[in-house]
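The chain contents come next:
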Amino acid sequence: MEAAFICTDDLWAGGFGDTHPLKPERLKRTYELLAAYRAFDAPTSHLVAPRPATREDLLLFHTAEYVDAVATLSRGKKNVQARRYGFRPDETPVFPGMYEVEGLKAGAGLTGAHLVYDGAAELPSTAEGAAALPSALEGQAQVAFSFAGGLHHARPALASGFCVFNDVAIAIHWLLRQGLRVAYVDVDVHHGDGVQAAFYDTDQVLTISLHQAGILFYPGTGFPEELGTGAGFGYSINLPFLIYTSEELYLWTFRQVVPPLVRQFAPDVLVTQLGVDTHYRDRLGSLLLTTRGYVTLIEAFKSLADSLCQGRWLAFGGGGYAVDVVPRAWTLAFGVMSEQTFPDELPPAYSERYGPGHLHDTAGPEPTEGQVAEETRQYVNKNLDILRERTRDVWHWE
């Protein structure tokens, strides 16, 4: 199974600032950890440079007015009102070179989409830190990991939740244009609202989001009653969790819904958003997953892609605000994608720079017990009952 890691150091060349929780350093450290493990030397692994998204690419999802506004703001011009387009200093601030950096992330997603599509067209040229795509690989890398992306909150004409261009929606729109059906599963701690909204009225995209409930939590959406509209009714599935939901309950819920619905949908391509902010040490979320639980999810995705989509799986990164956790989790994820196993002790080339440690967590959260455990389980069961009752004409529930 061929797996491509979409990467260039230009992806972490700019960001929202030193005090912002979304730090480009996590991208740099992920690449460095994989390189320290010599992950890209494996015959099943390919390091591929992205190409920047063109204006036409961005227009697959975003409005022309918004794309032009981002370009103008990126150049530091003041003749555009940033707040009109969702930019706010306390959330998604404007920064110099924003159009280029965020456009490259969108292009990385499209590079991955081309890779997993059997009819791949012209692909990227050589960039710093990554090789050009070998002609023999075109359309034959079953898995592509655009780890710098997963910017699932952006809307057609609005930046939102640290997201400027919705690289996921852009890539899925491109896949749809190739005549493919897409199953999209989002395991970020925040609801994948922008992607859900993009495909809310179609039965050609199944969107499933598992996330911390939007009860006093961004973006305030993602409840089980949000099921789609028109032809898309039943094809938007939401699994919210209360704070302090245990890893055991999270994984049990995942197994009740994701594999059976994805199998019934029978997609041509699996697309996933692999945010790591469900980790128990994340600074923004309050769920209690560990790296081992995270790998369980990745292994489930690989199994679904292998059994349903001839291995075709386009994976995106996403949230994750514990800078020492994200590189370890995404290294483990790419290990599953490329069928590699790495030693648990972090390699010297990495640990000498960032400190010693292990790939997997060596500790975990305090167990959820008593009333909290009961409340989180009741909330899950209530939501599953809603989904089963309201979509019984769309899905067969066991």
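Residues numbered from 1 in each chain as written. Predicted model: local features only at pLDDT ≥ 70, side-chain atom pairs only at ≥ 80, totals over all residues. Heavy atoms only, no water.

A.B. asks: Is there a simple way to think about the nonpolar core in this case?
C.D. replies: Nonpolar side chains in soluble globular proteins tend to be buried together. Counting residues in each nonpolar core, the largest one holds 73 residues, and the members touching the most others are Leu210, Leu274, Phe301 and Met337. Considering every element that reaches this core, the biggest residue donor is helix α7 (residues 247-265), with 9 residues. (Core = buried A, V, L, I, M, F, W, Y, C linked by side-chain atoms within 4.5 Å. Buried < 20%, exposed > 50% of the residue type's maximum accessible area, 1.4 Å probe, protein only. Helix = DSSP H or I, 4+ residues; strand = E, 2+ residues; numbered from the N terminus.)

A.B. asks: What am I meant to see in the packing of helix α8 (residues 291-308) against helix α9 (residues 326-337) here?
C.D. replies: Packed helices, taken two at a time, are described by the angle between their axes plus the distance between the axes. One can describe the packing of α8 onto α9 by two numbers: an axis separation of 9 Å at closest approach and a directional angle of 30 degrees. With respect to each other, α8 and α9 are oriented roughly parallel. Like other packed secondary-structure pairs, α8 and α9 cross with a definite hand, here right-handed. Between α8 and α9, the residues in contact are Thr291, Tyr294, Val295, Ile298, Glu299 and Lys302 and Arg328, Ala329, Trp330, Leu332, Ala333, Val336 and Met337, respectively. For the contact of α8 with α9, the class distribution of residues is 9 nonpolar, 1 polar and 3 charged. (Axes fitted to C-alpha atoms, helices over the stretch in contact; angles between N-to-C directions. Parallel < 35°, antiparallel > 145°, perpendicular 65-115°, else oblique. Left-handed = near helix turned anticlockwise from the far one by under 90°. Contact = heavy atoms within 4.5 Å. Nonpolar A, V, L, I, M, F, W, Y, C, P; charged D, E, K, R; others polar.)

A.B. asks: In this structure, what is going on with the sheet that holds strand β7 (residues 269-273)? I would like to understand it.
C.D. replies: Within a sheet, each strand pairs with its neighbour through backbone hydrogen bonds, oriented either parallel or antiparallel. Strand order across the open sheet formed by 8 strands is β2-β1-β3-β8-β7-β4-β5-β6, with parallel pairing between neighbours. Every other strand in the sheet has two partners, leaving β2 (45-48) and β6 (236-241) as the edge strands with one partner each. Taking the axes of each pair of neighbouring strands and ignoring which way they run, one obtains an average angle of 15 degrees across the sheet. With 6 bridges connecting them, strand β5 (residues 205-212) and β6 associate as parallel partners. What sits directly across from serine 209, in β6, is asparagine 238. (Pairing = 2+ DSSP bridges.)

A.B. asks: Is there a simple way to explain the packing of aromatic side chains in this structure?
C.D. replies: Geometry of an aromatic ring pair is reported as the spacing of the ring centres plus the angle between the planes. In the structure shown here, the tally under the stated rule is 24 aromatic pairs. Where phenylalanine 5 meets phenylalanine 145, the ring centres are 5.9 Å apart and the plane angle is 75 degrees; that geometry is what we call edge-to-face. Here phenylalanine 5, found in strand β1 (residues 3-6), pairs with phenylalanine 145, found in strand β3 (residues 143-146); they are 140 residues apart in sequence, far enough to count as distant. Per residue, the accessibility class of phenylalanine 5 equals that of phenylalanine 145, and both read buried. In textbook terms, an aromatic cluster arises when at least three aromatic residues are bridged by ring pairs, as seen for Phe5, Trp12, Tyr31, Phe40, Phe145, Phe147, Trp330 and Phe334. (Phe/Tyr/Trp six-rings, centres within 6.5 Å; stacked < 30°, edge-to-face > 60°.)

A.B. asks: Could you clarify how one ought to interpret a nonpolar patch on the surface in this entry?
C.D. replies: Taken together, Ile243, Tyr244 and Val372 make up a surface patch of nonpolar side chains, about 250 Å² in accessible area. The residue valine 372 is located in helix α11 (residues 370-390) in this model. The class for valine 372 is partly exposed, based on a relative accessible area of 34%. (Patch = residues over 30% accessible without salt bridge, like charges linked within 9 Å, V, L, I, M, F, W, Y side chains within 5 Å. Areas by Shrake-Rupley, 256 points an atom, 1.4 Å probe, with all protein chains shown as cover. Salt bridge = Lys/Arg side-chain N within 4 Å of Asp/Glu carboxyl O.)

A.B. asks: Before we go on, may I ask you to explain helix α5 (residues 167-177) in this structure?
C.D. replies: Residues three or four positions apart in an α-helix share a direction because the helix packs 3.6 residues into each turn. Here α5 lies mainly inside the structure; 8 of its 11 residues are buried. Just beyond α5, the residue with positive phi is glycine 179, at close to 85 degrees.

A.B. asks: Explanation requested: the side chain of serine 338 in the structure shown.
C.D. replies: When you line up the elements, serine 338 lands in the loop between α9 and α10 (348-354). Look at serine 338 and you get buried, because its relative accessible area is 0%. For serine 338, the side chain forms a polar contact with the main-chain oxygen of phenylalanine 334, separated by 2.7 Å. Once residues lying within four places of it in the same chain are set aside, the contact partners of serine 338 are Ala3, Thr44 and Ser45. (Polar contact = N/O pair within 3.5 Å; in protein donor to acceptor, adjacent residues only side chain to side chain.)

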